[in-house]
Amino acid sequence: MSKNIAVIIGGPSSEHDISILTGLQSARILSKDNKITILYWSKENNWYLLDPNLESKDFLENTKLMKKPLELRVNGDSGFYFKKKKLNFDIFLNSCHGGPGEDGTLQSLLNLLKVKYTGPKVISAQICMDKYVFYTTMKENGLPVIHKDLVNPNKKASFDGPYILKPRFGGSSIGVEVVNDYETVLKIVESSDLYTEGAVIEKYLEDSEDILIGVKNYPKFSVSEIEKPIKNETLFSYSKKYLENGGLEGSERELPANINDDKNNKIMEYVEKINSIIPTRGIFRYDFLVDKDDIYINEINTIPGSHALYLWQNLNISKYELLSDIVEEALSDKTITWTTTGSDGLALKSAKDIQSKLG
């Protein structure tokens, strides 16, 4: 049955541009038999109605994008308005990466508007975007994670370098650097806007490898093949992920990754346990680090580039089917129930422990 879908792209985030690519791709795929509207969220935090047939090159000239400004109302008859007429949609497809599109801010807004939307809900978005809270949540639930410190100019690091420095909030490898000593860490954090909301450090494992896997819960729990990106530099950078070789889908990779059965089985064991703690909604991409025989959960990307559709390319599941499942799941709105105990939500004990540890 045809649906009226609003695809949200952009957002005031450092990942604004890749969000545009993800959203436009999704719009084209779903336009097969759905009515598609593009809602553009500008870097300046304004909203615009766009032609769904735009190409990425059209975003190089902003004047083309700002001809149809939208009014956003959150009181009375809440919603998006164009020329004083309310726009009604069956579902909002969230294609925003990083920042307020993925950290619970946009999710809270859509909750206030009382509309259905895809991707993470508020709690899972907040946990997964905050690298220190996510690390603490995994640690408290017995999952293997690399120790992290919050960067604090008034406190020494609890371990020696070299370090991987990361913004506490953010994704797509933006602001991720290998740094030899803590003094340099402090100088970088002080001089860059990327770390204004905090930074974390972890031990740099020189020979570790990235391992990625897509996870979905609708219409049933399933996973993609395991991917190993091929990196020809120290880190799998933003440029390698999104700007070279046709973007994330065109990056060099092993798909499926050439790993032994023991590691494969261990990753699947961790995936199922993580999914019981922070249930997937839409498609999440789980990012692991493999260091010799050790496997660590690194992070969860709740709105991955291209919605991670390419991870299923060898499994006879079309991109249209994957996106349609994301939409149907959100319309059913029965996929996440946060409870105080049990396997379908974040355990209350862990939540209290995390709050006490973070102050």
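These lines cover the structure that appears in this document, whether it is placed above or below.

The rules behind the values
Residues numbered from 1 in each chain as written. Predicted model: local features only at pLDDT ≥ 70, side-chain atom pairs only at ≥ 80, totals over all residues. Heavy atoms only, no water. Helix = DSSP H or I, 4+ residues; strand = E, 2+ residues; numbered from the N terminus. Buried < 20%, exposed > 50% of the residue type's maximum accessible area, 1.4 Å probe, protein only. Contact = heavy atoms within 4.5 Å. Areas by Shrake-Rupley, 256 points an atom, 1.4 Å probe, with all protein chains shown as cover. Pairing = 2+ DSSP bridges. Core = buried A, V, L, I, M, F, W, Y, C linked by side-chain atoms within 4.5 Å.

### Section: the overall build of the protein
Item 1. When you go through the protein residue by residue, the secondary structure sums to 10 helices and 16 strands.
Item 2. Classification of the 359 residues of the protein by burial places 53% in the buried group.
Item 3. A sequence separation of at least 24 residues applies to 67% of the contacts in the protein between residues at least 6 apart.
Item 4. Accessible surface for the protein amounts to roughly 16900 Å². Of this, 47% is attributable to carbon and sulfur atoms.

### Here we look at the sheet that holds strand β6 (residues 85-86)
Item 1. Read across the sheet, three strands follow the order β4-β5-β6 without closing on themselves; strand pairing throughout is antiparallel. Each of the sheet's edge strands pairs with one partner strand only, and the pair in question is β4 (71-73) and β6.
Item 2. One ladder, built from three bridges, connects β4 with strand β5 (residues 79-82); its direction is antiparallel. Bridge assignment links leucine 72 to a residue of β5, and that residue is phenylalanine 80.

### Some words on the sheet that holds strand β13 (residues 222-229)
Item 1. What the five strands build is an open sheet, ordered β14-β13-β12-β15-β16; its pairing is antiparallel. Each edge of the sheet is formed by a strand with only one pairing partner; in this case those strands are β14 (253-254) and β16 (294-301).

### Quick look at the nonpolar core
Item 1. One finds Ile5, Val7, Tyr40, Leu50 and Phe59 to be the most contacted residues of the largest nonpolar core, which totals 31 residues.
Item 2. Contributing elements (two or more residues each) for this core: β1 (4-10), α1 (16-30), β2 (35-41), β3 (47-50), β7 (91-94) and α9 (319-332).
Item 3. Here phenylalanine 59 is in contact with Ile9, Ile20, Leu24, Tyr40, Leu50, Leu54 and Leu65, once residues within four sequence places are set aside.
Item 4. In terms of nonpolar packing, the next biggest core, distinct from the first, is built from 28 residues, Cys128, Phe134, Ile213 and Phe284 among them.

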